[in-house]
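The residues making up each chain are set out below.
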Amino acid sequence: SQQGEEDPQALSIQEGENATMNCSYKTSINNLQWYRQNSGRGLVHLILIRSNEREKHSGRLRVTLDTSKKSSSLLITASRAADTASYFCATDDEGNNRLAFGKGNQVVVIP
Amino acid sequence: NAGVTQTPKFQVLKTGQSMTLQCAQDMNHEYMSWYRQDPGMGLRLIHYSVGAGITDQGEVPNGYNVSRSTTEDFPLRLLSAAPSQTSVYFCASSLGLAGTSTDTQYFGPGTRLTVL
C-alpha cells in the first residue's frame, strides 16, 4: 500500500518564523490531508486538498499539491509556540477504502 | 457531541492475556478504523469498517479482531497479547470512505497499551 512520507522529520524554529514541511506519495490519489498531533493526544484534521486543486489556504496554513511530482507541502506562517506538534499527511489510495499516513514531522516553535 | 471516545486510556497486560479496547462515536459515521502508532512508524491501519456488519483488514491485522454490530461501536480485541503489541492505539471515524470529500478522520484520544 502507498504511504505518505514527510520531509524533514524534525524542525525547530523561532516564534514568528515560517515552517514548511513536505510529503510525498506513490500512487494516484483523490485527496491529500494534513493532520496535527499534540503530544499525548489524538490527531486533529487541519486541511484537505483535492487532486484537482493546486493550492489551498486555511488561516495561517497554506497547502500545495503537485500531482505530477506526487508531493505536497504544508506551510505554517508566523508560527506560534502553540504550533509545536507533529504534523502528518494522509492520502487515500485510489480504489482502496483506506487512508495511509506518513511518519510525521515534529515541529518545535521556540518562544 | 462527545465525538470519538476510547477506553481505557492506559492498560498494562501480561503476555498471553486478552482484552478489548473500546471505541464509540456519536456522529453517525459509517467509516471507522483502528490504527497503532509506534515511534518512527507513523500510524498503521489495523482494521477498518465501512458500515455495521462490514469489516476488513488493514496493514497490520495479525493478532487483532474486530466486529461492528452497531454504527456507533467498533471494539478492537487482542486475542493473546504479545510485547510487540505495545503501542498507542487510536480509533478514528469519518462520514465517508477514504478518497471522498467527507473522509476527514475524527480521532479518539488514544489508548496506551503496554504488554509485559
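Residues numbered from 1 in each chain as written. Chains lettered and ligands numbered in written order. Predicted model: local features only at pLDDT ≥ 70, side-chain atom pairs only at ≥ 80, totals over all residues. Heavy atoms only, no water.

**Q** Where do I start with the pattern of salt bridges in this structure?
**A** Applying the stated criterion to the full structure yields 4 salt bridges over all chains. Linking aspartate 83 of chain A and arginine 60 of chain A is a salt bridge whose minimum nitrogen-to-oxygen distance equals 2.9 Å. Remark: arginine 60 of chain A occurs in the loop between β6 (55-58) and β7 (61-66) and aspartate 83 of chain A occurs in the loop between β8 (71-76) and β9 (85-93); sequence separation between them is 23 residues. One salt-bridge network, in which partners are shared between bridges, spans Arg36, Asp38 and Arg44 of chain B. (Salt bridge = Lys/Arg side-chain N within 4 Å of Asp/Glu carboxyl O. Helix = DSSP H or I, 4+ residues; strand = E, 2+ residues; numbered from the N terminus.)

**Q** Explain the sheet that holds strand β7 (residues 64-66) of chain B to me, please; I cannot follow it from the model alone.
**A** Either a parallel or an antiparallel arrangement is found when strands of a sheet pair, and the pairing is made through backbone hydrogen bonds. All names here are of chain B. Spatial strand order, β1-β3-β8-β7: 4 strands in an open sheet with antiparallel pairing. In this open sheet, the two edge strands, each paired with only one partner strand, are β1 (4-7) and β7. For this sheet, the mean angle separating the axes of adjacent strands, direction not counted, is 20 degrees. (Pairing = 2+ DSSP bridges. Axes fitted to C-alpha atoms, helices over the stretch in contact; angles between N-to-C directions.)

**Q** Where do I start with the nonpolar core in this structure?
**A** Nonpolar side chains in soluble globular proteins tend to end up buried together. Ranked by internal contacts, the top residues of the largest apolar core, which has 21 residues, are Met21, Leu32, Trp34, Leu74, Ile76 and Tyr87 of chain A. Contributions of two or more residues to this core are made by β3 (19-24), β4 (31-37), β5 (43-50), β7, β8, β9 and β11 (105-110) of chain A. Leu13, Met32, Val60 and Val115 of chain B belong to the second-largest nonpolar core, a separate cluster that totals 20 residues. (Core = buried A, V, L, I, M, F, W, Y, C linked by side-chain atoms within 4.5 Å. Buried < 20%, exposed > 50% of the residue type's maximum accessible area, 1.4 Å probe, protein only.)

**Q** Honestly, the state of the cysteines in this entry has me stumped. Any pointers?
**A** What is meant by a disulfide is a covalent connection between two cysteines, made through their sulfur atoms. Taken as a whole, this structure holds 2 disulfides over all chains when the rule is applied. The disulfide partner of cysteine 23 of chain A is cysteine 89 of chain A, and the S-S distance across this bridge is 2.0 Å. Linking cysteine 23 of chain A and cysteine 89 of chain A, the disulfide has an S-S dihedral of approximately 65 degrees and is accordingly described as right-handed. Placement of cysteine 23 of chain A in strand β3 and of cysteine 89 of chain A in strand β9 is noted, with a sequence separation of 66 residues between them. In terms of burial, cysteine 23 of chain A and cysteine 89 of chain A fall into one category: buried. What pairs with cysteine 23 of chain B in a disulfide is cysteine 91 of chain B, and their sulfur atoms sit 1.8 Å apart. The S-S bond linking cysteine 23 of chain B to cysteine 91 of chain B shows a torsion near -70 degrees; that makes this disulfide left-handed. Linking cysteine 23 of chain B in strand β3 (residues 19-25) with cysteine 91 of chain B in strand β9 (residues 87-94), this pair joins segments that are 68 residues apart in sequence. Like cysteine 23 of chain B, the residue cysteine 91 of chain B is buried in the burial classification. (Disulfide = S-S within 2.5 Å.)

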